[in-house]
Amino acid sequence: MTDNPQPDPIDGAELLDSVEEFHRRFNVFPSEAAYVAVVLWDAHAHLIDCFDSTPRIAFLSPEPGSGKSRALEIVETLVPNRLVAAHATANAMYRAVGDTERLPTVLFDEVDTIFGPKAGDNEPLRGFINAGHRRGVGVLRCVGEGSNQEASEYSTFCPVAMAGLGSLPDTILDRSVIVRMRKRAPNEKVQPYRVRVHEPQGHTLRDQLAKWADQVRDQVADAWPDLPPGVSDRPADVWEPLLAVADAAGGRWPERARAACVHLVTAAKEGDKASLGVQLLTDLRDRVFQGTDRLPTAAILECLEGIEESPWADLDGTGTGKKLTPRLLSKMLGEYDNGAGKPVRPRSIRTSGGVPKGYYAEDLLDAWTRYCPTPLPEAATAATPATPQVTSRENVAEPLAEIRYITPASATR
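Residue indices begin from 1 for each chain and proceed along its sequence in written order. Local features in this predicted model are restricted to residues of pLDDT 70 or higher, and side-chain atom pairs are both shown and tallied only at a pLDDT of 80 or more, whereas totals for entire chains, interfaces and linings draw on every residue. Side-chain descriptors were evaluated using all non-hydrogen atoms of the structure, hydrogens and water having been removed beforehand.

A. Summary view of the sheet that holds strand 2 (residues 82-84). DSSP-based pairing: two strands are paired if at least 2 bridges between them are found. Segments assigned H or I by DSSP are reported as helices when at least four residues long, segments assigned E as strands when at least two residues long, and all are numbered from the N terminus. Strands sit in the order 2-3-6-1-7 across an open sheet of five strands; the sheet is parallel. Every interior strand has two partners, whereas the edge strands, strand 2 and strand 7 (176-180), have only one. Direction aside, the axes of adjacent strands within the sheet are offset by 15° on average. Bridging between strand 1 (residues 56-61) and strand 7 involves five bridges; their strand directions are parallel. Note on strand 7: the bridge partner recorded for Ile57 is Val177. Contacting strand 1, strand 3 (105-108), strand 6 (160-165) and strand 7, helix 2 (residues 32-45) crosses the sheet at an angle of about 140° to strand 1. Helix axes are fitted to C-alpha atoms over the stretch in contact, other axes to C-alpha atoms as well, and angles between N-to-C directions run from 0 to 180 degrees. Contact criterion: two residues are considered in contact whenever any of their non-hydrogen atoms come within 4.5 Å of each other.

The structure is reproduced here in structure tokens:
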């Protein structure tokens, strides 16, 4: 009696090459790095049991017709246990992921309906996407009917791919590989995708990825891939599984994967829109205070609204003129530390004309240093005015009009 013959080993590099070729037939991605990242993400979904974290992948664009849904459709043919979450509720997702040993690969199209300005009350679904990137993070849900209910914990860990318009919340962005899709140029051609013909071809590659994953699972589970210099913290969490897959495949993939990692991490740092809080801090530093050591709230708001490209005169982007208010300014700045372990708060600015509330540059200095994208000028790091205005916090004798304020016109220069 003979043992069952072992299947012939699959060349991982050649297989990933074939997966990339399949994507290129139907998808035009914005860079070579994007093709590499998407292929590695497809493969990592077959090895999900080897990883403690799983990066999300998001195909985003500012306009419809940029190929996002088609990219997600091709990914769908290549990943294991695909689950298309069309109009899904959070409770359905918790059960679909938490009640099975075969983790699904969840695909959200039109994800802007979950995160966009008209998304409504989708916080539980957002929480599912946000939490499920790391193994071991669960949610509690009541199960049962009426008064006969008990709390049960559901796992949220699973691969998630998304496509949508606009952007994503910062907490999702920094857990994701972002592919910023564009409309195809006239010289960029793709094959028409026909489900009856091409889906089986994708499934053939999917099955080969599954067999290859079985061959390298032990190797990948024990791997701690070397990260490119400068890639750490959250980007390292995102890319470590993908680099482990590339190292297991061999050939050109380890080198291509690290080049793609550097390219996409750098692009994310340079190209992503800063959070509203960081934009506020940066505008205050570079466009409002400009070396002044203190300013009343009214002058700050007037100056911010005068910055033409800023959102401060139309916060919701609808043209209704919803402006930044003193209360909202205080709330936003209160999220940051004043350098002494306390939140930034408005304080009194004593003058002979009154005692208006305002902000001191020294209270913002720590936040400017930590969060603003460029180093502070030397003059600003001293938290002193560029010209001699108010120099003492205690006994300000100058009339309010004599304190140096930056006007909106000067702020937009």
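Picking up where we left off.
B. Inspection of the nonpolar core at higher detail. Each nonpolar core is a collection of buried residues, namely Ala, Val, Leu, Ile, Met, Phe, Trp, Tyr and Cys, held together in the definition by side-chain atoms within 4.5 Å. Exposure categories follow from relative accessible area, calculated using a 1.4 Å probe and restricted to protein chains: below 20% of the type maximum is buried, above 50% is exposed, and the middle band is partly exposed. By size, the foremost hydrophobic cluster in this structure holds 59 residues, and its most contacted members are Phe29, Leu40, Leu47, Phe59, Trp212, Trp239 and Trp253. Looking at this core element by element, the count peaks at eleven residues for helix 2. The contact partners of Trp239, leaving out residues within four places of it in the chain, are Ala37, Ala257, Ala260, Cys261, Leu264 and Val265. In this structure, Phe108, Phe115, Phe128 and Phe157 belong to the second largest nonpolar core, which totals 26 residues.

C. Broad picture of the packing of aromatic side chains. Here is the rule: rings of Phe, Tyr and Trp (six-membered ring for Trp) pair when centre to centre is within 6.5 Å. Planes less than 30 degrees apart are stacked, more than 60 are edge-to-face, and the remainder are tilted. This structure, assessed with the given rule, holds five aromatic pairs. Relative to Phe26, the ring of Phe22 lies with its centre 5.3 Å away and its plane at 75°, an arrangement referred to as edge-to-face. Remark: Phe26 and Phe22 occur in helix 1 (residues 12-26); sequence separation between them is four residues, near one turn of the helix. Taking relative accessible area as the criterion, Phe22 reaches 3% and is therefore assigned buried. On the numbers, 5.3 Å between centres and 85° between planes, the contact of Phe26 with Tyr193 is edge-to-face. Taken together, the positions of Phe26 in helix 1 and Tyr193 in the loop between strand 7 and helix 8 (195-221) put the pair 167 residues apart, joining distant regions of the chain.

D. Focus on the side chain of His44. Structurally, the position occupied by His44 is in helix 2. A relative accessible area of 0% places His44 in the buried class. When sequence neighbours within four positions are dropped, the list of residues in contact with His44 reads Phe51, Thr54, Pro55, Pro159, Pro241, Leu242 and Val245.

E. Summary view of the environment of Ile74. Among the secondary structure elements, Ile74 is positioned in helix 3 (residues 68-78). Residues within four places of Ile74 in sequence aside, it is in contact with Phe22, His23, Phe26, Asn27 and Tyr193.

F. Structural context of the packing of helix 11 (residues 276-289) against helix 14 (residues 361-371). Taken N-terminus to C-terminus, the directions of helix 11 and helix 14 make an angle of 120°; their axes are 10 Å apart at the nearest point. Put simply, helix 11 runs oblique to helix 14. The handedness of the crossing between helix 11 and helix 14 comes out as left-handed. Side by side, helix 11 and helix 14 meet where Val278, Leu281, Leu284, Arg285 and Phe289 of the first sit next to Ala361, Leu364, Ala367, Trp368 and Tyr371 of the second. Put simply, Ala, Val, Leu, Ile, Met, Phe, Trp, Tyr, Cys and Pro go in the nonpolar bin, Asp, Glu, Lys and Arg in the charged bin, and everything else, Gly too, in the polar bin. When grouped by side-chain class, the residues that make up the contact of helix 11 with helix 14 number nine nonpolar, no polar and one charged. For classification purposes, an angle smaller than 35 degrees is called roughly parallel, one larger than 145 roughly antiparallel, one from 65 to 115 roughly perpendicular, and anything else oblique. Whether a crossing is left-handed or right-handed is set by the direction in which the near helix is turned from the far one by less than a right angle, anticlockwise for left-handed and clockwise for right-handed.

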